[in-house]
Amino acid sequence: MPQVARNALSFALFAIGIAVVWEVVKLLGGEPTDAWQPPFQWKIATDLNMPHIWDIGGAFVEPAQRNGPVLGAVLVDAAVFTFREAFGGFVIGALLGLGLAIVFVHSPFLERALVPYVVASQTVPIIAIAPVVVIWLQAGWLSVAVISAYLTFFPVTIAGIRGLRSPDPRALELMRSYAASRRDVLVKVRLPAAAPYLFTALKVAATASVVGAIIGELPSGIRDGLGGAILNFNQYYISGPAKLWAAIIVAALVGIAFFVLVRGAEIVLLRGRLGRTQA
Amino acid sequence: MSDAVVTIRGATKVFDVGADQTRALDGIDLDVGKGAFVSLIGPSGCGKSTLLRLIGDLTQPTAGQVQVNGKSAYQARIDRDYGIVFQSPVLFDWRTVEENVELPLEVGGVDKRKRAQRAQAMLALVELTGFEKRYPWQLSGGMQQRVAIARALSFEPAILLMDEPFGALDEMTRERLNLELLGIWRQTGTTIVFVTHSIPEAVFLSTKVVVMSARPGRIVDVIDVDLPQPRSDLTREDPRYFSFITRVRESLRGRVEGSSLRAAGS
């Protein structure tokens, strides 16, 4: 069986496993029905906290609002919208992150001066930054992408510095003996050597960009994405908990899809090296 | 072998290690003639690798002069006069064998067709025809080192600098590669400076063996090895081969005994 199919299969099996455990918990400590009296009464296992799997599944095909389209369609539209923001944030963040890493590797002064700020930037909660960005760029696709980029550039910078410094010093001496320009050293040695490090960071960045996009939608007042959907279903949780769970599942799927996309690019671009390094 | 490719006068190299200063090289004078095969041999810490790096402008002397082809070592490096082979092959994982050999040509701006031709010729020289599309990690250690040699020779450098290139290989591979290297040396006429700590290897390969001592690094003896060319497996049975080995060993011992045990053991 090819690797991809095997991965998909184990993922599916695990998802089924989670669903089974979920329902077993409800069976043991959930709410009583006509046919079954659970031996325990667990607060976490109530229908409000843990809706039945079939209720969550059912929520996808029921209208999200009266006379509106089904929730599944709404969430797919929202997912596409959020994915686009996340992708924009990912691209901006990856380019910024890599650019910073390249600058830092070439300038010890700038590295010493700026890296503390880069680190500090990540301790400022995104919730605090988001309104500033929204006011600056106006609420819209771009401002959400920038907020998302704020989360994604960091792992790329840190891994990039490490990766760009990873070549064997003798490899750099060889390049020196070829009288290679800095650009040649960067393009032919440092960047290829950094690629496995960068892909590891890009996989982190891919999922972070989805989180960034979802959170970025909240202060922007954007209702078309998953952030808007989650906020909305949060407010109506008491009356329809399954809808929020459905939105959470879709958000998770977007993250996984993005991750798989990056992994695919990694396999294609690093294929010569994968025999040795199963990155 | 009259006109010198490398001329070193009074080269001294001092390393600052914290508050201490280490005289890695002290007042080195050395001439390497065109087409010569010169080995640098000595105990660890005698500065033989540092001397090689000085010639290749990978480090600069604290005092003294290094001239290569009548130019400064710096200018020679900019003119791409050096091919360098280290103890480990330092091949690039993401490049095929062929692409590794082409790398210096790529950097030198040689066009694609010419690059491919040169790579072909060099891989034929090191007997790796047919392995062009392999990746380095698919090759044995000896083959990887041959790729490194092909790469170092790809742009026809005036001088080949080799820093214990066969030090990490097993004895049999090492002897075979010694023979191959001599074949390459004869075919290309390249001047070779070769660092080793194997006495038989130095004698077998070289036209001249430079014996060095440690702390401070000095040249204690220069031995012209006039064993007949071309050398072959038979050379290793020549009584004169053994007398040269004895000669080098005595040269080394004479200087090593006064030094610390650690130096003698290495």
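Throughout this description, residue numbers start from 1 for each chain and increase along the sequence as written. Here chains are named by letter from A upward and ligands by number from 1 upward, in the order in which they appear as written. Two thresholds apply to this predicted model, a pLDDT of at least 70 for residue-level local features and 80 or more for giving and counting side-chain atom pairs, whereas whole-chain, interface and lining totals are computed over all residues. Only hydrogens and water are removed before side-chain values are computed, so all heavy atoms of the structure are retained for them.

(A) Summary view of the overall build of chain B. Helices and strands together make up the secondary structure of chain B, namely nine helices and ten strands. This radius of gyration counts C-alpha atoms alone. The globule rule is 2.2 Å times how many residues there are, raised to the power 0.38. In summary, chain B has a C-alpha radius of gyration of 18 Å against a globular reference of 18 Å for 266 residues, a match within 12%. In terms of principal-axis extent, the alpha carbons of chain B reach across some 55 × 45 × 35 Å. Per-residue burial for chain B yields a buried fraction of 56% across its 266 residues. The secondary structure listing takes helices from DSSP runs of H or I that are at least 4 residues long and strands from runs of E that are at least 2 residues long, numbered from the N terminus. Categorising residues by exposure relies on relative accessible area from a 1.4 Å probe, with only protein chains included: less than 20% of the type maximum marks a residue as buried, more than 50% marks it as exposed, and the intermediate range marks it as partly exposed.

(B) Summary view of the nonpolar core. For our purposes a nonpolar core is just a set of buried Ala, Val, Leu, Ile, Met, Phe, Trp, Tyr and Cys residues, chained together by side-chain atoms within 4.5 Å. One finds A:L75 and A:L226 to be the most contacted residues of the largest nonpolar core, which totals 52 residues. At the level of elements, helix 2 (53–61), helix 3 (71–106), helix 6 (141–164), helix 8 (182–220), helix 9 (226–235) and helix 10 (241–269) of chain A are the ones that each hand at least two residues to this core. Any two residues whose heavy atoms approach within 4.5 Å at even a single point are treated as in contact. Excluding its chain neighbours within four sequence positions, the residues that come into contact with A:L226 are A:L75, A:A78, A:A79, A:T82, A:I214, A:E217, A:V250, A:A251 and A:V254. In this structure, B:I41, B:A119, B:M122 and B:L128 belong to the second largest nonpolar core, which totals 46 residues.

(C) Local environment of helix 6 (residues 171–188) of chain B. Residue and element names in this part refer to chain B. What a helix is expected to span follows from its residue count: subtract one and scale by 1.5 Å. An ideal rise of 1.5 Å per residue puts 26 Å on 18 residues; helix 6 measures up with 25 Å between its terminal C-alpha atoms. Within helix 6 the residues assigned to the buried category are T173, R174, L177, N178, E180, L181, L182, G183, I184 and W185. Contact partners of the buried residues in helix 6: strand 3 (37–41), helix 4 (112–125), helix 5 (141–153), strand 7 (159–163), strand 8 (191–196) and helix 7 (199–205). Here a polar contact is recorded for every N or O atom pair within 3.5 Å, except that within protein the pair must consist of a potential hydrogen donor and a potential acceptor, and residues adjacent in sequence are included only if both atoms are side-chain atoms. The N-terminus of helix 6 is capped by D170, whose side-chain oxygen sits 3.2 Å from the backbone nitrogen of M172. Just downstream of helix 6 lies G189, where phi reads positive at about 70 degrees.

(D) Layout of the interface of chain B and chain A. With 24 residues of chain B at the contact, the number on the chain A side is 20 residues. When two components associate, each loses some accessible surface as probed by a 1.4 Å sphere; the sum of these losses over both components is called the buried area. Note on chain B versus chain A: buried area summed over both sides is about 2,200 Å², and carbon and sulfur give 62% of it. Of all residues in chain B, B:W94, B:V107 and B:W137 bury the most surface against chain A, accounting for 28% of the area lost on that side. Whenever Lys or Arg places a side-chain nitrogen within 4 Å of a carboxyl oxygen from Asp or Glu, that contact is recorded as a salt bridge. Where chain B packs against chain A, one counts three salt bridges. A salt bridge links A:R176 to B:D57, with the shortest nitrogen-to-oxygen separation between them at 4.0 Å. Our enumeration of links across chain B and chain A arrives at seven residue pairs in polar contact (both at pLDDT 80 or more). Of all the secondary structure elements, the ones that give two or more residues to the side of chain B that touches chain A are helix 2 (73–78), strand 6 (82–85) and helix 3 (97–107) of chain B. Examining the composition of the side of chain B that touches chain A, we find that four residues originate from one element, helix 3 of chain B, more than from any other. The classification used treats Ala, Val, Leu, Ile, Met, Phe, Trp, Tyr, Cys and Pro as nonpolar, Asp, Glu, Lys and Arg as charged, and all other residues, Gly among them, as polar. Here the residues of the side of chain B that touches chain A are counted per class, giving 14 nonpolar, two polar and eight charged.

(E) Representation of empty space enclosed by the protein. Any residue with an atom within 4 Å of a point lines the site, the site being either a cavity, points on a 1 Å grid over the protein atoms alone where a 1.4 Å probe fits but cannot get out, or a pocket, an open set with protein on both sides within 12 Å along at least 5 of 7 lines. Grid points are joined across faces, edges and corners, and a volume is the space filled by probe spheres set on the points. Scanning the model with the defined rule gives one cavity of 30 Å³ or more in all. Of the pockets and cavities examined, the largest cavity occupies roughly 30 Å³.

(F) Structural context of the domain arrangement of chain B. All names here are of chain B. For each domain, the first and last residues come from an automatic or database assignment. Once the domains are mapped, chain B shows domain 1 (4–81 + 158–253) and domain 2 (91–156). The C-alpha centroid of domain 2 is placed 25 Å from the C-alpha centroid of domain 1. Contacts between the two partners involve 15 residues from domain 1, matched on the other side by 14 residues from domain 2. Roughly 1,200 Å² of surface becomes buried between domain 1 and domain 2 when both sides are summed, with 70% attributable to carbon and sulfur atoms. When the buried area of domain 1 at its contact with domain 2 is split by residue, R80, E180 and I184 rank highest and sum to 42% of it. For E180, the salt bridge is made with R146, and the minimal N-O distance between the two is 3.5 Å. In this assembly, domain 1 and domain 2 are joined by three residue pairs in polar contact (both at pLDDT 80 or more). Looking at the side of domain 1 that touches domain 2, the elements with two or more residues in it are strand 7 and helix 6. Broken down by element, the residue count for the side of domain 1 that touches domain 2 peaks at seven residues, all from helix 6.

(G) Seen up close, the sheet that holds strand 1 (residues 4–17) of chain B. Residues and elements named next belong to chain B. With antiparallel pairing, the four strands of this open sheet are ordered in space as 2-1-4-5. The two strands at the open ends of the sheet, each matched to only one other strand, are strand 2 (20–33) and strand 5 (71–72). With ten bridges connecting them, strand 1 and strand 2 associate as antiparallel partners. Opposite T7, over in strand 2, you have D31 as the bridge partner. For two strands to pair, DSSP has to find at least two bridges joining them.

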